[in-house]
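# Examining the three-dimensional arrangement
The lines below spell out each chain.
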Amino acid sequence: MNPPNPGDWQRSSPFALLFFAGNVVRILARAMLGALIPLIAIIPLVRDDPGALGILLLVLGAVLLLPFVVGAVQWACFRFRIAGDRLLIRKGVLKKTALDLPYERVQGINVRRSPVDRLFGLVTVTLDTSGSVQAEGKLPSIKTEVAHRLQRSVTALRPVLGGPAAGEGDSAGAGASGSAAPVEARSGVGPDPVLLRLGSADMVRIGLASRNFIFVAALVGVLTDLLQPGDSLDPILEAIEAGFDSAASAFTSLGALAQVGLAAAVIASIAGVALLLTVTAAFLRHHNFTLQHDGGRFRSRAGLLTQREVVVEAPKIQQLTVSQGLVLRWLRRYRLYALPAAAVSPDAGRVSAVEVPDVLEVPLLGDRLAEELRSLMFEREATAVPVLPGSLGLKRVSPHYIRALALRYALVLVAVFGTLLLLADAGVFARTSTILFWWAASMPAAALAAWQRWRRQGYAYDRDGLASRSGFLGSEVKAFPLRKVQSATVRQSPLQRRKGLATLRVQLACGRITVPYIDRRVARALRDYILYRVESSRRRWH
């Protein structure tokens with residue numbers, strides 16, 4: 001069979017049925033979440049009625065079979081066509097949808113290879129456009145040569161102009177990424193010089209610095225605590241309960257030093273299990289991570305089972321986010337996100353019902369490579385704007401910000417503990433004095449938290465860009481060129497008006513950035529200058 005012409009209407013592989021069925025499963029799961037409890041309550045009622053139980057099982061079977069039936073119909077109605085200057089997609093069963101995506105709107109090409117796709121030589125391609133937060137142009141389970149043809153078509157029509165040469169910039173920064181694996185030099189390399197490659201030791205660092213590490217450790221601890229003696233256990237766990245009873249008796253017979261050692265061993269075991277889970281997740285997502293730079297394009301590849309490839313052009317990047325938590329600060333490493341237009345926060349994308357495209361993420365890098373990526377992605381703009389959270393070039397905001405935050409936290413505490421006092425008066429809680437004690441003890445903690453937030457807050461700017469730092473225990477810097485701004489406003493609260501302060505709010509295509517409690521004259525001058533740079537710039541913002 002001859003391969004189809006580039007301009008012919010084509011179908012995805014039959015294995016794309018799994019993709020469409022998965023979408024239906026996600027929709028049904030969200031829709032049936034509220035009906036799950038009534039369904040569980042019905043099962044004991046119909047257990048002794050064979051007819052009703054048969055009908056219930058038939059309904060459940062139909063629900064399980066429905067995604068595959070709907071997915072097969074959606075696959076049969078899905079068509080796409082790779083034209084000379086655009087991608088055309090036709091899909092829908094009852095509601096027909098026609099997508100016309102010009103290549104000039106494409107700001108990133110994301111490629112995923114699931115284990116099934118890799119087994120049969122298929123890929124899933126997503127075209128990230130600036131017109132929507134959702135992943136608009138998605139071609140599931142297509143042949144590799146078709147994906148390469150689409151990539152060549154987009155690349156040929158969207159050349160990157162004005163990007164720095166591959167040998168320019170601080171070449172020493174390429175080797176300062178902190179990776180255990182060697183990093184190739186940028187000068188004299190082929191069309192895709194490697195900026196960063198992460199090894200197995202880096203996966204351990206990523207897992208240790210993961211935000212989910214503490215959550216997983218707490219979850220393991222809670223599950224362990226639920227199995228302690230005295231809890232109401234099911235009959236199936238009675239044998240386990242007897243084992244815990246004997247273990248508790250043996251524990252109480254030990255000396256004080258032995259009890260401390262045993263408790264430390266249990267805590268270490270919980271932390272070890274949590275670290276094992278987070279490191280495993282890091283291997284699955286970031287295994288063999290490679291960051292390459294070709295002219296003005298950045299390409300990242302990673303993944304153990306499902307391989308991900310993200311390609312984004314430097315002119316499309318609206319904002320650069322560099323974050324550093326407590327563990328990353330100890331490791332002297334950072335995490336970097338390059339957000340294009342209409343992008344959302346990766347954490348928000350995981351919980352959102354909207355399917356969002358992948359964002360160019362560098363999970364672990366050093367300070368010199370972060371500075372070099374800033375110069376490469378912003379194309380020599382904002383050269384004096386720092387992107388590292390610990391930079392001395394970031395100015396702190398007014399100390400009056402501490403008072404505003406402390407007042408905000410105090411109001412929240414008043415609402416929480418006031419509700420607890422009402423419940424205590426109603427007889428739910430027996431000790432009102434205990435609630436009042438913790439209420440009084442929480443006020444200094446709120447003031448300390450406000451002071452810590454103020455220490456992390458900062459900003460810096462030059463003639464081309466602006467950066468804002470925020471955080472609590474960790475720090476995060478968001479930097480962007482001024483010409484990318486869509487709107488800039490200055491707002492004042494009653495406290496700010498009395499102290500001659502103001503808050504600058506800047507709206508980008510990928511989100512909003514706030515610089516609170518700075519001098520009112522500085523805020524207004526920055527707003528006017530940002531709007532002037534936007535109007536006077538002859539360069540495109542995307």
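Counting restarts for each chain: residues are numbered from 1 in the order of the written sequence. Reporting in this predicted model follows two pLDDT cut-offs: at least 70 for local features of residues, and 80 or more for side-chain atom pairs to be given and counted; totals over whole chains, interfaces and linings ignore these cut-offs and use all residues. Think of the side-chain values as coming from all heavy atoms in the structure, minus any hydrogens and water.

### Re the overall build of the chain
- Comment: elements are numbered from the N terminus, with helices defined as DSSP H or I runs of at least four residues and strands as E runs of at least two. Along its length, the chain carries 16 helices and 20 strands.
- Under the scheme applied here, a residue whose accessible area is under 20% of the maximum for its type counts as buried, over 50% as exposed, and between as partly exposed, the area being computed with a 1.4 Å probe on protein chains only. For the chain, with 542 residues in total, the buried portion stands at 40%.
- Every residue pair with non-hydrogen atoms within 4.5 Å of one another is taken to be in contact. Long-range pairs, those at least 24 residues apart, make up 59% of the contacts in the chain between residues at least 6 apart in sequence.
- Here the chain displays about 28600 Å² of accessible surface, and carbon together with sulfur accounts for 63% of that area. Accessible surface area values rest on a Shrake-Rupley calculation with a 1.4 Å probe, where residue burial reflects the displayed protein chains alone.

### Examining the confidence of the model for the chain
- Confidence in the prediction of the chain, expressed as mean pLDDT, is 77, and 72% of residues score 70 or more.
- Known as pLDDT, the predictor's per-residue confidence is scaled from 0 to 100. Per-element confidence in the chain ranges from a low mean pLDDT of 48 for helix α11 (residues 346-351) to a high of 95 for strand β19 (residues 501-508).
- Between residues 159-190, whose pLDDT stays under 50, and residues either more than four places distant or in other chains, the model counts 64 contacts.
- A low-confidence stretch, residues 348-354 (pLDDT under 50), is modelled with five contacts involving residues beyond four sequence positions or located in other chains.

### Structural notes on the nonpolar core
- Counting 40 residues, the largest nonpolar core has F298, L365, L373 and M377 as the members making the most contacts within it.
- The dominant element in this core, judged by the number of residues it contributes, is helix α12 (residues 367-377), at five residues.
- Residues grouped as a nonpolar core are buried Ala, Val, Leu, Ile, Met, Phe, Trp, Tyr and Cys residues, joined through side-chain atoms within 4.5 Å. Judged by nonpolar contacts, the second largest core, of 29 residues, contains W454, L504, I518 and L526.

### Looking at the sheet that holds strand β18 (residues 487-491)
- When DSSP finds two or more bridges between two strands, those strands count as paired. If you trace the three strands from one edge of the open sheet to the other, you get β18-β19-β20, paired in antiparallel fashion. Both edges of this open sheet fall to β18 and β20 (511-519), since each of them pairs with a single strand only. Taken pair by pair, the neighbouring strands of this sheet meet at an average axis angle of 20 degrees, ignoring direction.
- In the sheet, β19 pairs with β20 via seven bridges, with the strands oriented antiparallel. Within the sheet, the bridge partner assigned to A502 lies in β20 and is I518.
- For every element, the axis is a line fit to its C-alpha atoms; helices are fit only across the contacting stretch, and the angle between N-to-C directions ranges from 0 to 180 degrees. Its contacts with the sheet place helix α16 (residues 520-536) against β18, β19 and β20, and it is angled at close to 25 degrees to β19.

### A closer look at the pattern of salt bridges
- We define a salt bridge as a side-chain nitrogen of Lys or Arg found within 4 Å of a carboxyl oxygen belonging to Asp or Glu. Under the definition given, this model contains 16 salt bridges.
- Salt-bridge contacts for E309 lead to R113; the nearest nitrogen and oxygen are separated by 3.8 Å. On the criterion of sequence distance, the pair formed by E309 in strand β10 (residues 307-313) and R113 in strand β4 (residues 106-113) is long-range, its members being 196 residues apart.
- According to the relative accessible area criterion, E309 is buried, its value standing at 4%.
- Via salt bridges that share partners, R113, R299, R301 and E309 belong to a single interconnected network.

### Some thoughts on α12
- All of the buried residues in α12 are L369, A370, E372, L373, R374, L376 and M377.
- Tucked inside the fold, the buried residues of α12 contact β7 (194-197), β8 (290-294), β9 (297-302), β11 (317-324), β12 (334-340) and β13 (360-365).
- Taken from the residues just after α12, E379 is the one with a positive phi, measuring 55 degrees.

### Side note on the packing of aromatic side chains
- In this analysis, rings of Phe, Tyr and Trp, with Trp reduced to its six-membered ring, are considered paired at centre separations within 6.5 Å, and the interplanar angle assigns stacked below 30 degrees, edge-to-face beyond 60, and tilted for intermediate values. With the rule as written, the count across this model stands at nine aromatic pairs.
- Look at F417 and W439: their rings are 6.1 Å apart centre to centre, the planes differ by 10 degrees, and that puts the pair in the stacked class. In this pair, F417 sits in helix α13 (residues 400-425) while W439 sits in helix α14 (residues 432-456), placing the two residues 22 residues apart along the sequence.
- With a relative accessible area of 12%, F417 lands in the buried category.
- Remark: a charge is flagged as sitting over a ring if the NZ atom of Lys or the CZ atom of Arg is within 6 Å of the ring centre and within 35 degrees of the ring normal. Between R11 and the ring centre of W75, over which it is positioned, the NZ or CZ distance is 5.2 Å.

### Topic: unusual backbone geometry
- Positive phi, close to 55 degrees, is recorded for N288, a residue that is not glycine.
- In this structure, N288 sits in the loop between α9 (256-286) and β8.
- Since its relative accessible area comes to 47%, N288 is described here as partly exposed.
- We note that R332 has phi near 60 degrees; this positive angle belongs to a residue other than glycine.

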